[in-house]
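Descriptive analysis of the structure
Given next are the chains, with one letter for each unit.
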There are 2 protein chains.
Amino acid sequence: MNDNLCADRPTFVTHLECSMTGERYEADRLHGLSQAGRPLLVRYDLDAVKAALAKDALAARETDLWRWRELLPVRRTENIVSLGEIETPLIPVPRSGGANVLVKDEGRLPTGSFKARGLVMAVAMAKELGVTRIAMPTNGNAGAALAAYASRCGIETIVFCPEDTPEVNVREIAVQGARVWRVNGLIDDCGAIVGKGAAEGRWFDLSTLKEPYRIEGKKTMGLELAAQGGWRLPDAIFYPTGGGTGLIGMWKAFDELEKLGWIGPERPRMYAVQASGCAPIVKAFDDGVEHAERWENAHTVAAGIRVPRAVGDFLILRAVRESGGKALAVDDADTLRAVADCARDDGLLLCPEGGATLAAYRNALATGEVDAGERVVLFNCATGLKYPMPEAPNWLTVPRRSTSTRCDG
Amino acid sequence: MNDNLCADRPTFVTHLECSMTGERYEADRLHGLSQAGRPLLVRYDLDAVKAALAKDALAARETDLWRWRELLPVRRTENIVSLGEIETPLIPVPRSGGANVLVKDEGRLPTGSFKARGLVMAVAMAKELGVTRIAMPTNGNAGAALAAYASRCGIETIVFCPEDTPEVNVREIAVQGARVWRVNGLIDDCGAIVGKGAAEGRWFDLSTLKEPYRIEGKKTMGLELAAQGGWRLPDAIFYPTGGGTGLIGMWKAFDELEKLGWIGPERPRMYAVQASGCAPIVKAFDDGVEHAERWENAHTVAAGIRVPRAVGDFLILRAVRESGGKALAVDDADTLRAVADCARDDGLLLCPEGGATLAAYRNALATGEVDAGERVVLFNCATGLKYPMPEAPNWLTVPRRSTSTRCDG
């Protein structure tokens, strides 16, 4: 029914390369990190893509993630695993944000978060490369997305999450067919367990940026933004930054689009948003260094960005600096106020991480870092429904009507 | 950015008419039920629509709900209130359903349910017609959608829900700016309170089918199905039926599309799915009568279809019978098993009401009511994330790594 999922299309991956050293790796083979212990980036023959795919042909396709097939790594159509990866809408938030502020609502994706973008690609590639058992650490949403896609194509999955991961996330992972273990630590503690098991050959390690394909899925956020804006990018992007795959991915997407000649050299300022209680990238940005130190005693209501250490730290910092943006920390109180304001005044229930981007935008507006006239996109990375909401303050019990009364309600 | 939301387009409403008597009512005025106490249906000058809108022009538009503007009642573009009403994806469920079974995943709409379709239209029309205060009974999802849209355009909202409505729904309604009251009764008890207040002039009553526009929003499910199928409808539709607005709306949509010449006279068999613990439409269907009696002691895990009495009962029954379909009741145990199977085997977490349609399909397949070769669409009316999930059965606490160990996770 959806031609993007059925039609065979040419693919253009030439090789992979180390994001640090540029060392070249063969495509179509299973890879983790590079020899230098850094993420691998997928490279395409973009001249050939340019010859094969016209903007008009792209415009005529259905708008889901798989319309970008020529810029994605999956070779064989039969390996595409899909749960309906729609193009996510851009929603104005005029009252809580401003007249030129749009929220990209990633909560509309399968399993309710932008993790679906990365995991649909990683799982499809795992399938293509013959993986039968996957393990991954998660703060919740990534595990849910992995479980859904892996179950759908019969790959066995084991997920490790911090012990205080909300019950809804743990249950969602389990009902979608994965084995889920709670670990009395943070996400990098979980990552250590996954890494150890992978080294012992017990499973394939699908941690953020430790395999090369999640970033290719996440880069579709940048591709979509360009297409939705009529090939004009926003002036600034506020992105909730934990592992940072999405920010790195969008930056890569913009480069690829420029090489295709579909956009010019202009770039949005990229703002990496973190919580004051876990802000390793902000500290590294402010210190002017290329790598971030692990953040000790990390705490924030925005669990998705409670990532004490990111393997792609230097890639995040590089993109933010090249773009003329900044790394910004926001207090949880401001985040929660932003969530409440946006729901009450604009009818849009953000997740806390999305709320953090709105809070960061409002701070940036106050300090003059952004101008109210600039076109801004905030990323709401998940549906607000997965998160605790304040108690309804004003309910009461009303006397019941007599059950003998009939009504037509 | 989305032309559907900005471009002025001609509108074609001619009048409204009583669904029972055919009595004519003026358009562009505030209406509740007809004089006969029945729902009003909106009528259009379909010959004029045919002359004004070509299939090709429609295909070139963005695919959201507002692409159907010529078949919708809102006159002035400024009254459109939107939170990104995307076209919902059709997702195959080959393992838990069958090779020809698609789930229309309505959980991707704003506030996570298909209620957004009806309420976005009802609120836009309330705005267009000058309403400033709305009240409504709800089992949860409708109230959330109302709160979001009404808050977004500054209309005051009061919502009444049964006392056992899940906490997540009550809180969602409240954070989105509505006043929400719990009532120690069922939805028709809540409806009685709303009706009484409306009669006293305290608010406008937005109950299902008691105002004419929710059905116009819901009919877009039928319009989308036709467009997504290349103007060929499925052989059968399984629809979770409480108030039944969606089923009635789709049936109306198919008629309008036939009058436009976009589809032929073929129709899907419409299956109205209810829970064994609350099956008034099924009883009326089996009894061969036109109206349903109130179902006493209603109970089911699928709260959205726990509707003891529907004001549009005769419209539901008429559509089901004309289509050659049936009204089917399913046990909660089968519903829960269908939810579990679909999540585990197809990676798609249905809501209980969506699970009921899968259970009904499987029963219908077993009895020969449908054939495995027939193209079937099941409606998943909300995201499964709003509902209780079983406890994760297989988690354990893993000993924490020494905090002195460094990892790059």
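Per chain, residue numbering runs from 1 following the sequence as it is written. The lettering of chains begins at A and the numbering of ligands begins at 1, in the order of writing. Where local features are concerned, this predicted model is filtered to residues with pLDDT of at least 70; where side-chain atom pairs are given and counted, the filter is 80 or more; whole-chain, interface and lining totals use all residues. Hydrogens and waters are ignored; side-chain quantities use all the structure's heavy atoms.

This part is about the overall build of chain A. Put simply, DSSP H or I for four residues or longer makes a helix, DSSP E for two residues or longer makes a strand, and each gets a number counted from the N terminus. Broken down by element type, chain A carries 14 helices and 14 strands. Radius of gyration (C-alpha) of chain A: 21 Å, near the 22 Å computed for a compact globule of 409 residues. Structurally, chain A occupies a C-alpha span of about 70 × 50 × 45 Å along its principal axes. In this scheme, a residue with accessible area under 20% of its type's maximum is buried, one over 50% is exposed, and one in between is partly exposed, where area comes from a 1.4 Å probe on protein chains only. Out of the 409 residues in chain A, the part that is buried amounts to 64%. By the convention used here, residues are in contact when the closest approach between their heavy atoms is within 4.5 Å. A separation of at least 24 residues holds for 70% of the contacts in chain A among residues at least 6 apart in sequence. Where accessible areas are quoted, they stem from the Shrake-Rupley method and a 1.4 Å probe; at the residue level, only the protein chains shown are allowed to cover. Total accessible area on chain A stands at roughly 13800 Å², and carbon and sulfur atoms take up 49% of it. Counted as positive: Lys and Arg. Counted as negative: Asp and Glu, with His and the chain ends omitted from the count. Positions of charges follow a simple convention, taking NZ of Lys, CZ of Arg, CG of Asp or CD of Glu. Looking at chain A, you have 49 positive and 54 negative side-chain charges, and the mean spots of the two groups are 3 Å apart. Throughout, radius of gyration means the C-alpha value; the globule benchmark is 2.2 Å times the number of residues raised to the power 0.38.

Looking now at the domain arrangement of chain A. Residue and element names in this part refer to chain A. Per the domain assignment, the segments of chain A are domain 1 (3–74), domain 2 (90–111 + 213–386) and domain 3 (115–205). Computed over C-alpha atoms, the centres of domain 1 and domain 3 are 24 Å apart. For the pair domain 1 and domain 3, the two sides together bury roughly 830 Å², of which 83% comes from carbon and sulfur. Buried surface area refers to the total accessible area, computed with a probe of radius 1.4 Å, that the two partners give up upon joining, counted for both partners together. Among the residues of domain 1 in contact with domain 3, Leu30, Leu65 and Val74 are the three that bury the most area, contributing 55% of the side total. Any Lys or Arg side-chain nitrogen found within 4 Å of a carboxyl oxygen on Asp or Glu counts as a salt bridge. Along the contact surface separating domain 1 from domain 3 lie 0 salt bridges. Throughout this description, a polar contact denotes any pair of N or O atoms lying within 3.5 Å of each other; where both atoms belong to protein, one of them has to be capable of donating a hydrogen while the other can accept it, and for residues adjacent in sequence the pair is counted only when both atoms sit in side chains. Where domain 1 packs against domain 3, one counts 0 residue pairs in polar contact (both at pLDDT 80 or more). In this entry, domain limits derive from an automatic or database-based domain assignment.

With that settled, the discussion passes to the sheet that holds strand β3 (residues 40–44) of chain B. All names here are of chain B. Whether two strands pair depends on DSSP finding at least two bridges between them. Ordered in space as β2-β1-β3, the 3 strands form an open sheet in which the pairing is antiparallel. Sheet topology places β2 (24–26) and β3 at the edges, where each strand pairs with a single neighbour. Looking at each pair of strands side by side, their axes are set apart by 40° on average, direction ignored. Axis lines are fitted through C-alpha atoms, for helices just across the contact stretch, and the angle between N-to-C directions can take any value from 0 to 180 degrees.

Bringing the pairing of β3 of chain B into the picture now. Residue and element names in this part refer to chain B. β3 sits mainly inside the fold: 4 of its 5 residues count as buried. Pairing of strand β1 (residues 13–18) with β3 involves 5 bridges; the strand directions are antiparallel. Note that in β3 the partner of leucine 16 across the bridge is valine 42.

Ring pairs are drawn from Phe, Tyr and Trp, using the six-membered ring of Trp, whenever the two centres fall within 6.5 Å, and their geometry is named by plane angle: stacked under 30 degrees, edge-to-face over 60, tilted for the rest. A full pass over the atoms with the stated rule returns 18 aromatic pairs over all chains. Here the aromatic rings of phenylalanine 114 of chain B and tyrosine 239 of chain B are separated by 6.1 Å at their centres, their planes lie at 45°, and the arrangement is tilted. Note that phenylalanine 114 of chain B is positioned in the loop between β5 (101–105) and α4 (115–128) and tyrosine 239 of chain B in strand β10 (residues 236–240), a separation of 125 residues in sequence. Here tyrosine 239 of chain B and phenylalanine 379 of chain B contribute two aromatic rings whose centre-to-centre distance is 5.5 Å and whose plane-to-plane angle is 65°, an arrangement assigned as edge-to-face. With tyrosine 239 of chain B in strand β10 and phenylalanine 379 of chain B in strand β13 (residues 376–380), the pair connects residues that are 140 residues apart, well separated along the chain. For the residue pair tyrosine 239 of chain B and phenylalanine 379 of chain B, the accessibility class agrees, reading buried in each case. Of the aromatic side chains, those joined through ring pairs into one cluster are Trp68, Trp231 and Trp262 of chain A. Geometrically, a lysine NZ or arginine CZ counts as sitting over a ring once it is within 6 Å of the ring centre and also within 35 degrees of the ring normal. Above the face of the tryptophan 68 of chain B ring, arginine 67 of chain B is positioned so that its terminal group lies 5.4 Å from the ring centre.

Right, let's talk about the side chain of arginine 182 of chain A for a bit. Residues and elements named next belong to chain A. Looking at the element boundaries, arginine 182 is found in strand β8 (residues 179–183). The class of arginine 182 is buried, set by a relative accessible area of 7%. A distance of 2.7 Å separates a polar atom in the side chain of arginine 182 from a polar atom in the side chain of glutamate 167.

This next bit is on the sheet that holds strand β5 (residues 101–105) of chain A. All names here are of chain A. Pairing in this open sheet of 6 strands is mixed, and the strands run β4-β5-β13-β10-β11-β12 from one edge to the other. Either end of the sheet is taken by a strand with one partner, and the two such strands are β4 (90–92) and β12 (326–330). Here the average twist between neighbouring strands, direction ignored, is 30°. Sheet topology places β4 next to β5; 3 bridges connect them, and they run antiparallel. Across the sheet, proline 92 pairs through a bridge with leucine 102, a residue of β5. Sheet strands touched by helix α11 (residues 280–287): β11 (269–275) and β12. Its angle to β12, the strand with the most contacts, is close to 130°.

Turning our attention to the relation of the copies chain A and chain B. Least-squares superposition of the copies uses the C-alpha atoms of those residues scoring a pLDDT of at least 70 in each of them. For the pair chain A and chain B, the best superposition has an RMSD of 0.0 Å and corresponds to a rotation of 180° with a translation of 0.0 Å parallel to the axis. Taken together, the rotation and translation describe the operation of a two-fold axis. Of the C-alpha atoms belonging to chain A, the one lying closest to the rotation axis is found on arginine 108 of chain A, 2.5 Å away. With an isologous cut-off of 70% or more, the 99% of interface residues of chain A that recur at the interface of chain B puts this contact in the isologous class.

Looking now at the state of the cysteines. For this text, the term disulfide refers to a pair of cysteine sulfurs within 2.5 Å. Inspection of every chain in the model, using the stated rule, returns 0 disulfides over all chains. With no disulfide of its own, cysteine 153 of chain A lies 15 Å from the sulfur of cysteine 342 of chain B, the closest cysteine sulfur. Unpaired in terms of disulfides, cysteine 351 of chain B finds its nearest cysteine sulfur in cysteine 381 of chain B, a separation of 3.7 Å. Using a relative accessible area of 0% as the deciding quantity, one classes cysteine 351 of chain B as buried.

Bringing the UniProt feature "domain: Tryptophan synthase beta chain-like PALP" (unreviewed entry) in chain A into the picture now. Those residues carrying the UniProt feature "domain: Tryptophan synthase beta chain-like PALP" (unreviewed entry) are residues 81–381 of chain A in this numbering. This span, residues 81–381 of chain A, is 42% helix and 16% strand, and a straight line between its end C-alpha atoms measures 21 Å. UniProt positions are given in the numbering used here, feature names are shortened, and annotations may be inferred rather than shown by experiment.

Throughout, nonpolar core names a set of buried Ala, Val, Leu, Ile, Met, Phe, Trp, Tyr and Cys residues whose side chains join them through atoms within 4.5 Å. Ranked by internal contacts, the top residues of the largest apolar core, which has 256 residues, are Phe238 of chain A together with Phe238 of chain B. In this view, phenylalanine 238 of chain B contacts Tyr271, Val273, Leu328, Thr357, Ala360, Tyr361, Ala364, Val370, Val376, Val377, Leu378 and Phe379 of chain B; residues no more than four positions away in its chain are not counted.

Between chain A and chain B, the residue contacts involve 79 residues of the former and 78 residues of the latter. Regarding the contact of chain A and chain B, the summed buried area is about 6800 Å², with carbon and sulfur atoms giving 56% of it. Between the two partners, chain A and chain B, sit 0 salt bridges. Scanning the region where chain A abuts chain B turns up 15 residue pairs in polar contact (both at pLDDT 80 or more). Elements with a contribution of two residues or more to the side of chain A that touches chain B: β4, α5 (141–152), α6 (167–175), β8, α7 (187–199), α13 (332–346) and β14 (397–398) of chain A. When its residues are assigned to classes, the side of chain A that touches chain B shows 39 nonpolar, 16 polar and 24 charged. Side-chain classes follow a simple rule in which Ala, Val, Leu, Ile, Met, Phe, Trp, Tyr, Cys and Pro form the nonpolar group, Asp, Glu, Lys and Arg form the charged group, and the remainder, Gly included, forms the polar group.

Turning next to the pattern of salt bridges. Close approach of charged atoms lets side chains of opposite charge pair. Taken as a whole, this structure holds 72 salt bridges over all chains when the rule is applied. The salt bridge involving glutamate 167 of chain A is made with arginine 171 of chain A; its shortest N-O contact spans 2.8 Å. Of this pair, glutamate 167 of chain A and arginine 171 of chain A are both found in helix α6, 4 residues apart, which corresponds to roughly one turn of the helix. One salt bridge in this structure joins lysine 252 of chain B and glutamate 256 of chain B, with 2.7 Å as the shortest N-O distance. With a gap of 4 residues between them, lysine 252 of chain B and glutamate 256 of chain B both fall in helix α10 (residues 245–259), about one helical turn apart. The class for lysine 252 of chain B is buried, based on a relative accessible area of 7%. A cluster of three or more residues bridged by salt bridges with shared partners is formed by Lys104, Glu106, Arg117 and Glu224 of chain A.

Right, let's get into the pairing of β11 of chain A. Residues and elements named next belong to chain A. In terms of burial, β11 is largely enclosed, as 7 of its 7 residues are buried. Residues Arg269, Tyr271, Val273 and Ala275 of β11 are buried on one face, and the alternating residues Met270, Ala272 and Gln274, pointing to the opposite face, are buried as well. As judged from the 5 bridges shared by β11 and β12, these two strands associate in the parallel manner. If you follow tyrosine 271 over to β12, its bridge partner there is lysine 326.

Time to look at the packing of α5 of chain A against α6 of chain A. All names here are of chain A. Contact geometry for α5 and α6: axes closest at 8 Å, N-to-C directions at 15°. On the basis of their axis angle, the class for α5 and α6 is roughly parallel. Along this stretch, α5 crosses α6, giving a crossing that reads as left-handed. Contact residues: α5 offers Asn141, Gly143, Ala144 and Ala147, while α6 offers Asn169, Glu172 and Ile173. In terms of residue class, the contact of α5 with α6 is built from 3 nonpolar, 3 polar and 1 charged. Roughly parallel refers to an angle under 35 degrees, roughly antiparallel to one over 145, roughly perpendicular to one between 65 and 115, and oblique to any angle outside these ranges. By definition, turning the near helix anticlockwise from the far helix through less than a right angle yields a left-handed crossing, and turning it clockwise yields a right-handed one.

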